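Structure assessment
One letter stands for each residue in the lines below.
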Amino acid sequence: MGPLQGIKVLDLSRILAGPWATQCLADFGATIWKIEKPGAGDDTRHWGPPWLKDSAGRDTGEAAYYLSSNRGKRSLAIDFTKPAGQKLIRGLAQRADVLIENFKVGTLARYGLGYDDLKALNPRLIYCSISAFGQDGPDAGGAGYDAMIQGMSGLMSVTGVPDGEPGAGPIKVGVAVSDLMSGMYALSAILGALYEREKSGQGQAIDLSLLDTQVAALANQSLNYLISGVPPGRRGTAHPNIVPYQAFATADGYLMLAVGNDRQFEEFCGVAGRPEFAKDDRYRTNARRVTNRAALVPEIDRLCRQKTTRQWLDALAPVGVPCGPINDLAEVFAEQQVKHRKMRFDLPHSTGGQVPQVRNPILYSRTTLEYKDPPPLLGQHTAEVLKRELGLAAGELQSLKTDGTIG
């Protein structure tokens, strides 16, 4: 039984930030009613290839992107632009603990589904709105996707190859990190609001912005600027505050060397056959190594090229120097530690065959997270949920389907 067993979530979000949060809530045992547009559904259903294949090896039309963030949910195809659809959403909101949405600011209010509208029906409702720029401010009405937020927030200014080097320029992070971080902040905000509701008995609105989230998640880079007054630049794989902490070429590939303190540096120097570096006044402390990185990094680069990646890993692990290979995804899922931790698992899918999944990284000592339901087909649970929660009869459901309110 997950820790959120009994909690009901009305999920009007799509793409990634909201669905990532609600997938985590589903993993924790909450019931998720995923509301989708009849005939179309969540945009990410169509963001392929690759597509899931059925047991006969045929494409099912279910995109891998969608399948990454929607397990454990119930899909209801409801058109809330229609008055009858709005009535259904209001009925579900009265029975929900949480509503999460990521439409443009004011969109749901136009249909009588804004926070103030639903609060009047359910004062205990926690209403989480995720938007590009927040519910107020000069840009509040604007739309935004992860990539533009990575640029606008400053993340891309510190990500990529430094000017003057081959391939110089800003780089987008390889996953939609602004969306994912927003989803995780939404999750923590919802959990906090649920805990507070136990004391106050009242729900509340949550205003979460992709831009705010990514600015906050710049962490040490933001403080490097705010304290120094100098905007940090791109350093490739290097760290702005720690040296050596970057990828180095080896005799047959690359090694990510992550020396986090002076003891580790001394151990590295010993293994590398240059113990004098650890005693050199230029490199003795991390602060000195950061100041003199231009002299030290080429020396380490020459040393790293003398051994293979595996030789470095085998030599540095016994002395506690953090380092690792730069794996592709095939190598990641072949890692013995990843396999031991059972990060990959499979669920039977409604179209036949199996859908691979990556488990929630949280492991409780007493509470078990169960993964029983695959990402749903569009509208798979519309009739079931509306019948159970709102008491709609077969004739009413058919009428709603005939006029296009539900799918």
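Presented here is an overview of the structure given in this document. (Residues numbered from 1 in each chain as written. Predicted model: local features only at pLDDT ≥ 70, side-chain atom pairs only at ≥ 80, totals over all residues. Heavy atoms only, no water.)

Concerning the sheet that holds strand 10 (residues 205-209)
The 6 strands lie next to each other as 5-2-1-6-7-10, forming an open sheet whose pairing is parallel. Every interior strand has two partners, whereas the edge strands, strand 5 (73-77) and strand 10, have only one. Each strand axis lies, on average, 20° off the axis of its neighbour in the sheet, ignoring direction. Strands in contact with helix 1 (residues 17-27) are strand 1 (8-12), strand 2 (31-36), strand 5, strand 6 (98-101) and strand 7 (126-131); relative to strand 2, the strand with the most contacts, it is inclined by about 155°. Contacting strand 1, strand 2 and strand 5, helix 16 (residues 382-390) crosses the sheet at an angle of about 95° to strand 5. (Pairing = 2+ DSSP bridges. Helix = DSSP H or I, 4+ residues; strand = E, 2+ residues; numbered from the N terminus. Axes fitted to C-alpha atoms, helices over the stretch in contact; angles between N-to-C directions. Contact = heavy atoms within 4.5 Å.)

Section: the nonpolar core
If you look at the biggest cluster of nonpolar residues, it comprises 29 residues, and the most contacted ones within it are V9, L25, I100, I130 and I190. Only helix 1, strand 6, strand 7, helix 6 (177-200), strand 10 and helix 7 (210-216) provide two or more residues apiece to this core. Among residues more than four places away in sequence, those in contact with V9 are T22, L25, A30, T31, I32, W33, V98 and I100. In terms of nonpolar packing, the next biggest core, distinct from the first, is built from 26 residues, L10, F80, L92 and L386 among them. (Core = buried A, V, L, I, M, F, W, Y, C linked by side-chain atoms within 4.5 Å. Buried < 20%, exposed > 50% of the residue type's maximum accessible area, 1.4 Å probe, protein only.)

Digging into the sheet that holds strand 12 (residues 254-258)
Strand order in this open sheet of 3 strands is 11-12-13, and the pairing throughout is antiparallel. The open sheet is flanked by strand 11 (245-249) and strand 13 (323-324), the only strands paired with a single partner. Pairing between strand 11 and strand 12: 5 bridges, direction antiparallel. The partner of F248 across the bridge, within strand 12, is L255. Contacting strand 11 and strand 12, helix 12 (residues 293-304) crosses the sheet at an angle of about 45° to strand 11. Here helix 13 (residues 309-316) sits on the sheet in contact with strand 12 and strand 13, set at roughly 30° to strand 12.

A few points about the packing of helix 9 (residues 262-272) against helix 13
Across the interface, helix 9 lies against helix 13 with an axial gap of 10 Å and an inter-helix angle of 125°. As the angle between them shows, helix 9 and helix 13 are arranged oblique. For the element pair helix 9 and helix 13, the recorded crossing hand is right-handed. Two secondary-structure elements touch here, helix 9 through F268, V271 and A272 and helix 13 through W312, A315 and L316. Split by residue class, the contact of helix 9 with helix 13 holds 6 nonpolar, no polar and no charged. (Parallel < 35°, antiparallel > 145°, perpendicular 65-115°, else oblique. Left-handed = near helix turned anticlockwise from the far one by under 90°. Nonpolar A, V, L, I, M, F, W, Y, C, P; charged D, E, K, R; others polar.)

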